[in-house]
Amino acid sequence: MAGSDKPDFNLILASSVHDMKNSLNLVLNSLEDINREIIERQPELAGKVGLLQYEATRVNNDLVRLLTLYKIDQELMGVRIDEHSVHDLLSECQARFQPLLEARGIRGEMQCDPDLMAYFDVDLITGTLENILANAIRYSRQRVCLRAETYGSGIRIQLEDDGEGFPPVMLEAGDQNHASSDFQSGSTHLGLYFARVVAALHRQGARQGEIRLSNDSQLGGARFQLILP
Amino acid sequence: MLFRSYKQKSFLVIDDFDNFLVSMKQMLRRMGAEQIDSARNGDEAIELCLRRHYDIVFCDYNMGDQHKNGQQVLEELRYRGLIKHTDLFIMVSAEASRDMVMGALEYQPDGYITKPITQSVLQARLDKLFSQKIATHEINRAMDQQDYARGISLVNTQIKVDPKNRSWLLNTLGTLYILNGDYAHAKKVYEDVIKQRPLDWAQMGLGKALYLEGNVREAAATFSALIEQSPHLVGAYDWLAKCQRETGQARKAQETIQEAVNISPRAILRQQELAHLSRQLNDLEVAAKAFKASTKLSDKSCYESPELYLDHARTLNDLAETSSAPKDVARYAQDAITALEPVKRKYDDARVLMRGSLAEARGRHYQKHEEASRNAAAQARRLLSETETGEEDLDLVLEMAETHFAIGATEEANTLLRDFAERFPGNATLQTRVQELLEEPVSAIQRQQARTLNREGIALYEQEKLTEALAQFEKALAITPKQPGLNLNYLQALAKQMAQVERPEALLQQARETLSRLEGLSEGHRQYARYQQIRKRYQDLGL
């Protein structure tokens, strides 16, 4: 590369992520295979494999989130709204986490009218739900519940768990539009920031999407709400 | 579970990553698939598809800079009819390429799946897309058979009972109406959708329907509004440019296409469009760049053509001809020679080779390799003499003569033109065009420059800016002094100017010289009547 050429960060990022995802694909597929055998042969080790799966999924989600936020920031991201089945959205999300749920012995529940349709960007909303779901599985004890229903002219998707609930600092930061970071606990709350940005990209007339956090879950833990107009 | 259905289907997985192919095959087998082939790049995949038909194709979007991307593979397969509407094409992408995938021009995949792909994800996504294909099978079959009327009636029935596929069905219904030439109904479908939500595809469809029914201005407004709403939707730029070009705004069309190319530089047709538009506008630098990108992208694709290579070389020759710095002339000429290399290698059609030799003759001439230049020109003449030609070869013969003029082989050029004109005495257009070139033996690019100046002069004349108009006409005359129309325009502007100045003597002298250039104009010339009129006017002035 000539000295005067400035590296194109977008390109470097894109091709590195492409590479990493290919490797992650391999890791996750192998883990899935191993998990399948382990459950039959040495079920006591299933938890450890589950943890590996969880961490690999987290790395993947981080990559996607990072890249998406970068693109939104650089105004490179187009929102692609169309009409989709909400039931399909939720069941695909759950399918993605099925191995992890099984490995951790958590029951994933789902409540949604099979005919419920809504307008949203399926990639962005899938990414958002996956981040939130991954967190919920990490902090729940035995149950997580994904639920969706009509809400005004749009929909509301809720995720509840039976864990400890959101820490107070997160609830306080709930309506701030920046990523508050808590590096000591290793969590940057980037997932929630991402969810908020994605929700706000969904507009209908003067209304826009939003997220709400609370600890009044029917299961006793955290309650996350995603409202799309 | 669709285990039994997958058992009977044939699968093709395309990815440059071996491990991915292995794991995909494994997962598909667990789901029931038995016939699974794989390819490491687009060219390999197309080879396979030529040999047998696949029902379900998974194609990675990004397979490296040296290979076709997933979108190009899809275009190639659809264009060649190797994949039908009833088949399933699924684009596999890393999130990173989502926006590139959105750059799709006309051909859209049936669905997307994002890496990493695990068994459960694959199962859920494939089951969903496959069920959708089954549900819409008859409609897709009607589209494959181009039986649009049947397709329309099938969609209208299904839409009442299949709410999950509503969006797809309405989108398809609009498309079917358009294909059937029923733009009024297509508009109605899209407008009804937009009343609910201003979805991109509905606005896109509405714009197309408006354009096709001839309402170009309203179509342009629709596409502009859509771009405002979704600046990444490159297809809208293509259509907007089309509208702008059609309403005489070539410069604006070029800007629009340029924006789309910046967003999505790997779309072949878009690069080609930019190249041609820029060449028409005489914006040679931009044209050369776009031709370079298109030829590279078109390599081994359905959009490859000898004309593309030739136009690239011609544009570079034009640049060499119009550059003043010797360094630039040499560089452009060398690029032109390089650009011609695939022509000889890939084609054996005599006319294509002739045009290639002509472009080579020009390039060598600008390189000051006069012997090589004359040899190339002689090669073109030899091929011409060995080929059976007719009236339809007029452009070829004109290009050949122009090239000979450009490299200083005036005698050969004159002979070529006279011989050709003699063969078709009854063809008036042919006679006029040959005559024009004989009168004004300059290159195409020079003629175009003179034409542009002439047009500018006319516009200024119409705005009553006579001094400026005269200046443009004079510049044009410096390039093509014999062109009758241009000389007459100049005389007309002079006459008007004379009536407004106190001392017209200097202008009279100009008029006298100009009139003498027109003396030989034959009675058969299409400008003859006008010439008579203007000469009469000057006679009244005492000339």
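Only a predicted model underlies this, so the values are computations on that prediction, with no experimental measurement involved. The residue numbers shown here count from 1 along each chain, following its written sequence. Lettering of chains starts at A and numbering of ligands starts at 1, both following the order in which they are written. Given that the model is predicted, a residue must reach a pLDDT of at least 70 before its local features are reported, and side-chain atom pairs must reach 80 or more before they are shown or counted; all residues, however, enter totals for whole chains, interfaces and linings. Side-chain numbers come from the whole structure's heavy atoms, not from hydrogens or water.

Caption draft 1: Here's a closer look at the domain arrangement of chain B. Residue and element names in this part refer to chain B. Where each domain begins and ends follows an automated or database-derived domain assignment. On domain assignment, one finds that chain B holds domain 1 (3-135), domain 2 (266-387) and domain 3 (444-540). The C-alpha-based centres of domain 1 and domain 2 are spaced at 37 Å. In what follows, a contact means two residues having at least one pair of non-hydrogen atoms within 4.5 Å. Taken together, the 13 residues of domain 1 in the interface contact ten residues of domain 2. The quantity reported as buried area is the accessible area (1.4 Å probe) lost by two parts once they are put together, taken as the sum for both. Both sides of the domain 1 and domain 2 interface together cover about 980 Å² of buried area, and 41% of this is carbon and sulfur. By definition here, a salt bridge exists when the distance from a side-chain nitrogen of Lys or Arg to a carboxyl oxygen of Asp or Glu is within 4 Å. Our count for the contact surface shared by domain 1 and domain 2 stands at one salt bridge. Between Lys300 and Asp43 there is a salt bridge, with the nearest N and O atoms lying 3.7 Å from each other.

Caption draft 2: Geometry of unusual backbone geometry. All names here are of chain B. The residue after Lys115, namely Pro116, is reached through a cis peptide bond having omega 0 degrees. Runs of H or I in DSSP of at least four residues are treated as helices and runs of E of at least two as strands, each being numbered from the N terminus. Inspection of the secondary structure puts Pro116 in the loop between β5 (111-114) and α6 (119-135). Residue Gln146 is not a glycine yet carries a positive backbone phi of 55 degrees. The topology assignment puts Gln146 in the loop between α7 (137-144) and α8 (148-158). When accessible area is computed with a 1.4 Å probe and restricted to protein chains, residues below 20% of their type maximum are described as buried, those above 50% as exposed, and intermediate ones as partly exposed. Residue classification places Gln146 among the exposed positions, given a relative accessible area of 57%. Although it is not a glycine, Lys368 sits at a positive phi angle of roughly 65 degrees. Along the chain, Lys368 falls in the loop between α19 (350-366) and α20 (370-386).

Caption draft 3: How the structure looks around the interface of chain A and chain B. Contacts between the two partners involve 41 residues from chain A, matched on the other side by 38 residues from chain B. For the pairing of chain A and chain B, the buried interface totals around 3,900 Å² over both sides, and the portion due to carbon and sulfur atoms is 47%. Taken together, the links from chain A to chain B amount to five salt bridges. Close ionic contact of Glu92(A) with Arg125(B) constitutes a salt bridge, the shortest N to O distance being 2.8 Å. Between N or O atoms, a polar contact is any pair within 3.5 Å; within protein, one atom must be a potential hydrogen donor and the other a potential acceptor, and residues adjacent in sequence are included only when both atoms are from side chains. Scanning the region where chain A abuts chain B turns up 13 residue pairs in polar contact (both at pLDDT 80 or more). Only α1 (9-41), α2 (46-73), β1 (82-85), α3 (86-104), β3 (117-120) and α4 (122-139) of chain A provide two or more residues apiece to the side of chain A that touches chain B. The nonpolar class holds Ala, Val, Leu, Ile, Met, Phe, Trp, Tyr, Cys and Pro. Asp, Glu, Lys and Arg form the charged class, and all remaining residues, Gly among them, are polar. Residues of the side of chain A that touches chain B, tallied by class, amount to 18 nonpolar, nine polar and 14 charged.

Caption draft 4: How the structure looks around the sheet that holds strand β4 (residues 88-93) of chain B. Residues and elements named next belong to chain B. Here, strands pair whenever DSSP counts at least two bridges between them. Spatially, β2-β1-β3-β4-β5 is the arrangement adopted by the five strands of the open sheet, whose pairing is parallel. Each edge of the sheet is formed by a strand with only one pairing partner; in this case those strands are β2 (35-39) and β5. Going from strand to strand, the sheet's axes swing by 20 degrees on average, the running direction of each strand aside. The pairing of strand β1 (residues 10-14) with strand β3 (residues 56-60) spans four bridges and is classified as parallel. Across the sheet, Leu12 pairs through a bridge with Val57, a residue of β3. Geometry is summarised by axes, namely lines fitted to C-alpha atoms with helices restricted to the contacting stretch, and by angles between N-to-C directions that run from 0 to 180 degrees. Helix α2 (residues 18-30) contacts β1, β2, β3 and β4 of the sheet and is inclined by roughly 165 degrees relative to β2.

Caption draft 5: Seen up close, the sheet that holds strand β5 (residues 154-161) of chain A. Residue and element names in this part refer to chain A. In spatial order, the strands read β2-β4-β5-β9-β8; together these five strands make up an open sheet with mixed pairing. Every interior strand has two partners, whereas the edge strands, β2 (107-111) and β8 (210-214), have only one. In this sheet, neighbouring strand axes are inclined to one another by 15 degrees on average, regardless of whether the strands run parallel or antiparallel. When β8 meets strand β9 (residues 223-228), the two strands line up antiparallel, connected through five bridges. Within β9, the residue paired with Arg212 across the bridge is Gln225. Along the sheet, α3 contacts β2, β4 (143-151) and β5; its crossing angle with β2, the most-contacted strand, is approximately 175 degrees. With respect to the sheet, α4 is in contact with β4, β5 and β9, its orientation differing from that of β5 by roughly 20 degrees.

Caption draft 6: Here's a closer look at the side chain of Glu76(B). Here Glu76(B) lies in helix α4 (residues 70-79). Once you skip the residues sitting within four places of it in the chain, Glu76(B) turns out to touch Ile46(B), Lys68(B), Lys300(B), Ser301(B) and Cys302(B).

Caption draft 7: Broad picture of the nonpolar core. Residue and element names in this part refer to chain A. Within this scheme, the nonpolar core is defined by two criteria: the residues are buried Ala, Val, Leu, Ile, Met, Phe, Trp, Tyr or Cys, and they are joined through side-chain atoms within 4.5 Å. Within the largest apolar cluster, 43 residues are counted, with the highest numbers of intra-cluster contacts made by Val86, Leu90, Ile125, Leu129, Ile157, Phe224 and Leu226. A per-element tally of this core places α4 first, with eight residues. Among all residues touching Leu129, those that are not within four sequence positions of it are Leu89, Leu90, Cys93, Ile157 and Leu226.

Caption draft 8: Broad picture of the domain arrangement of chain A. Residue and element names in this part refer to chain A. Segmentation of chain A into domains returns domain 1 (9-73) and domain 2 (83-228). On a C-alpha basis, the centroid separation for the pair domain 1 and domain 2 is 20 Å. Across the boundary between the two partners, domain 1 contributes 15 residues, which contact 17 residues of domain 2. Together, the buried faces of domain 1 and domain 2 total about 1,500 Å²; carbon and sulfur atoms form 66% of this surface. Counting the surface domain 1 buries against domain 2, the share from its top three residues, Tyr54, Arg65 and Leu69, is 42%. Counting every contact that joins domain 1 to domain 2 gives zero salt bridges.

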